Amino acid sequence: DPYSASDYVLENMEPGATKDSAAAILTQNLLRQQDPGNALAMAESITDPELQAQTLAPITEGWLKKNPEEATNWIQSSTLPDATKEALLTPKPPRP
């Protein structure tokens, strides 16, 4: 169950690469459960900026298409590093 696993990762794991990897995997599982709010919270816990940006990208891309104002406001007001905010807000070229 991704919710129990999320609680464990957030509350019991020490910060670092192992926790970041677990959080990235759980973010994907939460998205499959159609729970972007918890997926965002899990992705925010990732401390590696590159992995965090990679994990957040699929969430924010879809959100920016569905509700650009809300997504942009969340990204800009988040505690994410400025480089991550910029990367998430930069339009991506269409996929072939």
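About the criteria used
- Residues numbered from 1 in each chain as written.
- Predicted model: local features only at pLDDT ≥ 70, side-chain atom pairs only at ≥ 80, totals over all residues.
- Heavy atoms only, no water.
- Helix = DSSP H or I, 4+ residues; strand = E, 2+ residues; numbered from the N terminus.
- Rg over C-alpha atoms; globule rule 2.2 N^0.38 Å.
- Buried < 20%, exposed > 50% of the residue type's maximum accessible area, 1.4 Å probe, protein only.
- Contact = heavy atoms within 4.5 Å.
- Areas by Shrake-Rupley, 256 points an atom, 1.4 Å probe, with all protein chains shown as cover.
- Lys, Arg positive; Asp, Glu negative; His and termini not counted.
- Charge placed at Lys NZ, Arg CZ, Asp CG, Glu CD.
- Axes fitted to C-alpha atoms, helices over the stretch in contact; angles between N-to-C directions.
- Parallel < 35°, antiparallel > 145°, perpendicular 65-115°, else oblique.
- Left-handed = near helix turned anticlockwise from the far one by under 90°.
- Nonpolar A, V, L, I, M, F, W, Y, C, P; charged D, E, K, R; others polar.
- pLDDT = per-residue confidence, 0-100.
- Salt bridge = Lys/Arg side-chain N within 4 Å of Asp/Glu carboxyl O.

### Here's the deal with the overall build of the chain
Check the secondary structure of the chain and you find six helices and zero strands. The order of α-helices and β-strands along the chain, N terminus first, is α-α-α-α-α-α. Taking 12 Å as the expected radius of gyration for a compact globule of 96 residues, we find that the chain reaches 13 Å, a close match to that expectation. Each of the three principal axes of the chain carries a C-alpha extent, and together these read 35 × 30 × 25 Å. By the burial criterion, 34% of the 96 residues in the chain qualify as buried. Nonlocal contacts in the chain, meaning residues at least 24 apart in sequence, comprise 48% of its contacts between residues at least 6 apart. Here the chain displays about 6100 Å² of accessible surface, and carbon together with sulfur accounts for 53% of that area. Treating the 7 positive side-chain charges of the chain as one cloud and the 14 negative ones as another, the clouds have centres 9 Å apart.

### Some details on the environment of Leu 30
Relative to the helices and strands, Leu 30 is located in helix 2 (residues 17-32). When the C-alpha atoms of Leu 30 and Glu 14 are compared, they prove to be 21 Å apart, with 16 residues separating the residues in sequence. Residues contacting Leu 30, with those up to four places away along its chain left out, are Pro 2, Tyr 3, Ser 6, Asp 35, Asn 38, Ala 39 and Met 42.

### Considerations on the packing of helix 3 (residues 36-44) against helix 4 (residues 49-66)
Direction vectors running N to C along helix 3 and helix 4 enclose 155°, while the axes themselves pass 9 Å from each other. Comparing the axis directions of helix 3 and helix 4 gives the class roughly antiparallel. Crossing of helix 3 over helix 4 shows left-handed handedness. Contacts between helix 3 and helix 4 involve Ala 39, Leu 40, Ala 43 and Glu 44 from the former and Gln 52, Thr 55, Leu 56, Ile 59 and Trp 63 from the latter. Taken together, the residues of the contact of helix 3 with helix 4 break down into six nonpolar, two polar and one charged.

### A closer look at the packing of helix 4 against helix 5 (residues 68-77)
As a packed pair, helix 4 and helix 5 sit with axes 6 Å apart at the nearest point and diverge in direction by 140°. As the angle between them shows, helix 4 and helix 5 are arranged oblique. Contacts from Leu 56, Thr 60, Trp 63, Leu 64, Lys 65 and Lys 66 in helix 4 reach Pro 68, Glu 70, Ala 71, Thr 72, Trp 74 and Ile 75 in helix 5. Here the contact of helix 4 with helix 5 is built from residues that sort into seven nonpolar, two polar and three charged.

### Some words on the confidence of the model for the chain
On average, residues of the chain score 87 in pLDDT, and 98% of them reach the 70 mark or higher. Per-element averaging of pLDDT across the chain places helix 3 at the bottom with 84 and helix 5 at the top with 91.

### Some points on the side chain of Lys 19
Structurally, Lys 19 is set in helix 2. Although Lys 19 is buried, it makes no salt bridge; Asp 20 carries the closest opposite charge, 7.1 Å away. Discounting chain neighbours no more than four positions away, the residues touching Lys 19 are Val 9, Leu 10, Met 13 and Glu 14.

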